[in-house]
Amino acid sequence: MVDIPSQMTSKINELKKKGALIGMESAGTPLAILQEIASHTPKDVTVDIRELGYSADGVRMQGETTSFDAVNKLARSLQESPLFQTAQISDAKMSLDGRKVDFRINLAYPGKEASQ
């Protein structure tokens, strides 16, 4: 037997969460997403974010840091956030001057696939 009111309530709550993630409520605004990223960035990792894009499925961030190890630490730490299901490094390479590592990390919201 199917509990229709319970299913509808569940779907409404799911839509509210999705709306929050794309900026329809204050919990999912770009500023809140930046705050979540900042709070899950390890203290010993220096990151310069050049581009941050977000959608209903997740967040794509590009930037630079000091080493490949720093990129890995950042991705592991971001994956511990309750806001993100996965943190996938889609690109990491040494900058042309050899001093920094340019990276791109895709962060997927729970139940979503990270956008490329």
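See above for the structure.
Residues numbered from 1 in each chain as written. Predicted model: local features only at pLDDT ≥ 70, side-chain atom pairs only at ≥ 80, totals over all residues. Heavy atoms only, no water.

A few points about the nonpolar core
Working step 1: Core analysis: the biggest nonpolar cluster contains 16 residues, and I37, F84, I105 and L107 have the highest contact counts within it.
Working step 2: Elements represented by at least two residues in this core include exactly α2 (30-39), β2 (58-65), α3 (68-79) and β4 (101-108).
Working step 3: Not counting residues within four places of it along the chain, the set of residues in contact with L107 comprises I37, D57, G58, V59, L78, F84, T86 and A87. (Core = buried A, V, L, I, M, F, W, Y, C linked by side-chain atoms within 4.5 Å. Buried < 20%, exposed > 50% of the residue type's maximum accessible area, 1.4 Å probe, protein only. Helix = DSSP H or I, 4+ residues; strand = E, 2+ residues; numbered from the N terminus. Contact = heavy atoms within 4.5 Å.)

Quick notes on the sheet that holds strand β3 (residues 86-94)
Working step 1: As summarised here, the arrangement of the 4 strands in space is β1-β2-β4-β3, forming an open sheet in which the pairing is antiparallel. Among the strands making up the open sheet, the edge pair consists of β1 (47-54) and β3. Between one strand and the next, the sheet's axes are offset by a mean angle of 15°, whatever the strand orientation.
Working step 2: With 8 bridges connecting them, β2 and β4 associate as antiparallel partners. (Pairing = 2+ DSSP bridges. Axes fitted to C-alpha atoms, helices over the stretch in contact; angles between N-to-C directions.)

A look at α2
One full turn of an α-helix is made of 3.6 residues, so residues set three or four places apart face in the same direction.
Working step 1: Listing the buried residues of α2 in full gives I33, E36 and I37. Along the long axis of α2, the arc covered by the buried residues comes to 100°, so they all point the same way. Those residues of α2 that are exposed and angled more than 90 degrees off the buried face are L31 and Q35. (Arc of directions from axis to C-beta.)

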